[in-house]
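Descriptive structure summary
This is what each chain is made of:
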Amino acid sequence: MSDKRVVVVGGGVAGASTTKLLEDFAKVTLVDPKEYFEVPFSLLRSIVEPEFGERTVFKHADYLKKAELVIASAKSATETEVVTTSGDRLPYDYLVIATGTTYEGPATRTERVKYFQTENKKIKSAKTVLIIGGGPVGVELAAEIVVDFPDKKVILVHSGERLLDFLGPKVSKKTLSWLKSKKVEVILNERIDINSLTESTTTYTTNTGRTITADTHFVAIGKKVGSAWIHESAFKSSLDSNGRLKVDTSLRVEGRNNVFAIGDIANTEEIKQGYLALKHAQLTAENIKKLIKNPDSKLSTYKPLATPMGAVSLGRTLGVAQLPFGTTIGRLAGMIKSKDLGVGKTRQGLGMKFA
Ligand SMILES: Cc1cc2nc3c(=O)[nH]c(=O)nc-3n(C[C@H](O)[C@H](O)[C@H](O)COP(=O)(O)OP(=O)(O)OC[C@H]3O[C@@H](n4cnc5c(N)ncnc54)[C@H](O)[C@@H]3O)c2cc1C
């Protein structure tokens, strides 16, 4: 094993995979504010079925055998070290930045599983559920609820003119008609000020003055890019206007030889998806191995995905997908994603048992 030090910041899909792929080759340290990895695509199923959620969260210490763990957030970074909220200063030869989105949940696995149970009780005890946001989180949650709890009334409010706007209009149209067929009330082009909400709010007003009554609500609007700490770092001038790091064709932060930015934080010109974050991780691990062997190595390059592709689950068996040959809704799309939501495959990829 090389004595080169690799610091990976962020223990999501990109960071966890890079750490796993490199831990036998170098001294790797993973920095993450939570003690566990969570399969991000499965969150909504975990809320309707907390037992399912047990498989989707597992401690970093359970799949990492050699890497060192620092359970804290990165606060800043210089050209030679990362400083964390726990007061650690972590020197590096190679730095991998993978803080895709900010994390606001609990730090322990036990607390995270409790969170699934609490959210599940909210649904079970409500007659009417309001979902704010019509991206993948809002749509998947609405679908999970209507499939598992068909007696609940679901209202979905989305500020945009179409649902799932990270994919094309055909996906949006098909999804809207599927949700309507399940009696979901979808309100487009209206927004609810989430800052005015509390846990006990039951009357909601949209910006057009429409009043909605619901027993509970879920906020499903896009999470913030995890770049606040980068503003305090030596790389802040490489942030673009969306808070993403500008990278070269080898996913290195522009102008840097030993600093990589991967996953959702990288400003690659493509949609932000976990399967792409995984590709970034594989390429970066391979490139860091090459650099460790020979600092003058020619690095492999990354080709961003030209045409957006993605799948959104609609409950346990159905889905909607944009694929190279077109868009599809129903069982075929469901087979791609909806049964296990990628949990078994992600677990296996990190060296854990499928089930
Ligand atoms: C409901 C839903 C469904 C999805 N479905 C799919 C799908 O079917 N297929 C697909 O490919 N993609 C899907 N995605 C997208 C996918 O989840 C993301 O693209 C992927 O998680 C990005 O991985 P990442 O590692 O870049 O970022 P993240 O998964 O966001 O991980 C970021 C990590 O950084 C950590 N972090 C943040 N700030 C700091 C800091 N200052 N210091 C240290 N650590 C920090 C966080 O704790 C987290 O662990 C879905 C997303 C959602 C929300």
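What counts, and where the lines are drawn
- Residues numbered from 1 in each chain as written.
- Predicted model: local features only at pLDDT ≥ 70, side-chain atom pairs only at ≥ 80, totals over all residues.
- Near = placed C-beta within 6 Å.
- Helix = DSSP H or I, 4+ residues; strand = E, 2+ residues; numbered from the N terminus.
- Nonpolar A, V, L, I, M, F, W, Y, C, P; charged D, E, K, R; others polar.
- Domains from an automatic or database assignment.
- Contact = placed C-beta atoms within 7 Å.
- Expected span 1.5 Å × (residues − 1).
- Buried ≥ 20, exposed ≤ 12 C-beta atoms within 10 Å, placed from the backbone.

**Observations concerning the site of the ligand**
In the vicinity of the ligand there are 38 residues, among which Gly-10, Gly-12, Gly-100, Gly-263 and Gly-274 approach most closely. At the level of secondary structure, the elements contributing two or more residues to the shell around the ligand comprise helix H1 (13-22), strand S2 (27-32), helix H2 (43-48), helix H6 (136-148) and helix H8 (274-293). Taken together, the residues of the shell around the ligand sort by class into 19 nonpolar, 13 polar and 6 charged. Residue contributions to the shell around the ligand reach at least three from each of two domains, namely domain 1 (5-33 + 72-102 + 223-305) and domain 2 (109-222 + 308-344).

**Considerations on the domain arrangement of the protein chain**
Split by domain assignment, the protein chain resolves into domain 1 (5-33 + 72-102 + 223-305) and domain 2 (109-222 + 308-344). Facing 4 residues of domain 1, the contacting portion of domain 2 comprises 5 residues. Taken together, the residues of the side of domain 1 that touches domain 2 sort by class into 2 nonpolar, 1 polar and 1 charged.

**So, H6**
Each α-helix turn comprises 3.6 residues. Residues three or four places apart therefore point the same way. For H6, with 13 residues, the first-to-last C-alpha span of 18 Å sits near the 18 Å given by 1.5 Å per residue. Turning to H6, its buried residues number three or more, namely Pro-136, Val-137, Gly-138, Val-139, Glu-140, Leu-141, Ala-142, Ala-143, Glu-144, Ile-145 and Val-146.

**Things to note about unusual backbone geometry**
Despite not being glycine, Leu-164 shows a phi value in the positive range, around 50 degrees. As for its placement among the helices and strands, Leu-164 is situated in the loop between strand S11 (153-158) and helix H7 (169-181). Of note in the backbone geometry, Leu-251 takes a positive phi value of approximately 65 degrees without being a glycine. With respect to the element layout, Leu-251 can be found in the loop between strand S15 (216-219) and strand S16 (259-261).

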